[in-house]
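Residue-level structure breakdown
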Amino acid sequence: MIVNNHTSPQAKKSIAKLISHDLVPAKFKSYDYTPPGSQDFGDTELFDKYSKVLLNPEASPLLREDLHGLPPAYIVTCQHDPIRDDGIMYARRLEEAGVDVTWKHYENGVHGMFSLFGGPTSLETGRQSVKVFIEYAKKQLVSAAPTSTL
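Residues numbered from 1 in each chain as written. Predicted model: local features only at pLDDT ≥ 70, side-chain atom pairs only at ≥ 80, totals over all residues. Heavy atoms only, no water.

**With respect to the overall build of the protein**
Per the secondary structure count, the protein includes four helices and two strands. N-terminal to C-terminal, the α/β element order of the protein is α-α-β-α-β-α. If you line up the protein on its principal axes, its C-alpha atoms span 60 × 40 × 30 Å. Relative to its 150 residues, the protein shows a buried fraction of 29%. Within the protein, contacts between residues separated by at least 24 positions form 70% of all contacts whose residues are at least 6 apart in sequence. A total of about 10,200 Å² of accessible surface is found on the protein, and carbon and sulfur atoms cover 57% of it. Positive and negative side-chain charges in the protein, numbering 16 and 18 respectively, have mean positions lying 4 Å apart. (Helix = DSSP H or I, 4+ residues; strand = E, 2+ residues; numbered from the N terminus. Buried < 20%, exposed > 50% of the residue type's maximum accessible area, 1.4 Å probe, protein only. Contact = heavy atoms within 4.5 Å. Areas by Shrake-Rupley, 256 points an atom, 1.4 Å probe, with all protein chains shown as cover. Lys, Arg positive; Asp, Glu negative; His and termini not counted. Charge placed at Lys NZ, Arg CZ, Asp CG, Glu CD.)

Put into structure tokens, the structure is as follows:
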């Protein structure tokens, strides 16, 4: 998956407009940033076998073409995460579609930090990200609660 060989050249071309690295802000394109190069590679047989899962927007919401009308979204990205750009692209595409997006980026965060909020393996960014999310969720629940007519 890291080398993106699980998709075919045709699939890469068909979804290129949905996963444009032009959506990634310049400040995230540091000295070690490498946008995808050639799209003329991949394992067509492997892709054909798993394409229904790989292209399913339920599993990969970034691949959904029309994002209009979706509910508000809370997106967390971290600097040290192999799928950071996917989260950034999804947040940007949702915003472009008029969806209310709250995007939190943790400069010192790592993939999976959200689950590292307590115990011997806890991380400060994990605790902070969970705290901020809980505050967000509470506000959303309060604003969505029906008002009493009594």
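**Overview of the pattern of salt bridges**
Throughout the structure, instances matching the rule amount to three salt bridges. The residue glutamate 65 makes a salt bridge to lysine 17 at a minimum N-O spacing of 3.7 Å. Placement of the pair is glutamate 65 in the loop between helix H2 (44–54) and strand S1 (73–80) and lysine 17 in the loop between helix H1 (9–15) and H2, with a sequence separation of 48 residues. The same class applies to glutamate 65 as to lysine 17, namely exposed. In this structure, arginine 84 engages aspartate 85 in a salt bridge whose closest nitrogen and oxygen atoms are separated by 2.8 Å. The buried category is assigned to aspartate 85, whose relative accessible area is 12%. (Salt bridge = Lys/Arg side-chain N within 4 Å of Asp/Glu carboxyl O.)

**Considerations on the confidence of the model for the protein**
Of the residues in the protein, 91% have a pLDDT of 70 or more, and the chain-wide mean is 86. Helix H3 (residues 84–96) holds the highest mean pLDDT among the elements of the protein, 95, whereas H1 holds the lowest, 80. (pLDDT = per-residue confidence, 0-100.)

**Remarks on the pairing of S1**
Counting buried residues along S1, six of its eight residues qualify, which places the element largely inside the surrounding structure. As paired elements, S1 and strand S2 (residues 101–110) share seven bridges and run parallel to each other. Paired with histidine 80 across the two strands is valine 110, which belongs to S2. One crossover worth recording links S1 to the parallel S2 by way of H3, and it is right-handed. (Pairing = 2+ DSSP bridges. Right-handed = clockwise from strand over helix to strand, strands pointing away.)

**A closer look at helix H4 (residues 124–144)**
For H4, with 21 residues, the first-to-last C-alpha span of 30 Å sits near the 30 Å given by 1.5 Å per residue. For H4, the complete set of buried residues consists of Thr125, Gly126, Ser129, Val130 and Tyr136. Around the axis of H4, the buried residues are gathered within 130 degrees of arc, so they sit on the same side. Turned more than 90 degrees off the buried face of H4, the exposed positions are Lys131, Lys138, Lys139 and Val142. Looking at the buried residues of H4, the elements they touch are S1 and S2. (Expected span 1.5 Å × (residues − 1). Arc of directions from axis to C-beta.)

**Some words on the nonpolar core**
In this structure, Ile75, Tyr90, Leu94 and Val101 are the most contacted members of the largest nonpolar core, which totals 16 residues. Elements supplying a minimum of two residues to this core: S1 and H3. With five residues, the single largest contributor to this core is H3. Beyond its immediate sequence surroundings of up to four residues, isoleucine 75 is in contact with Gly87, Tyr90, Ala91, Leu94, Val101, Thr102, Trp103 and Lys104. (Core = buried A, V, L, I, M, F, W, Y, C linked by side-chain atoms within 4.5 Å.)

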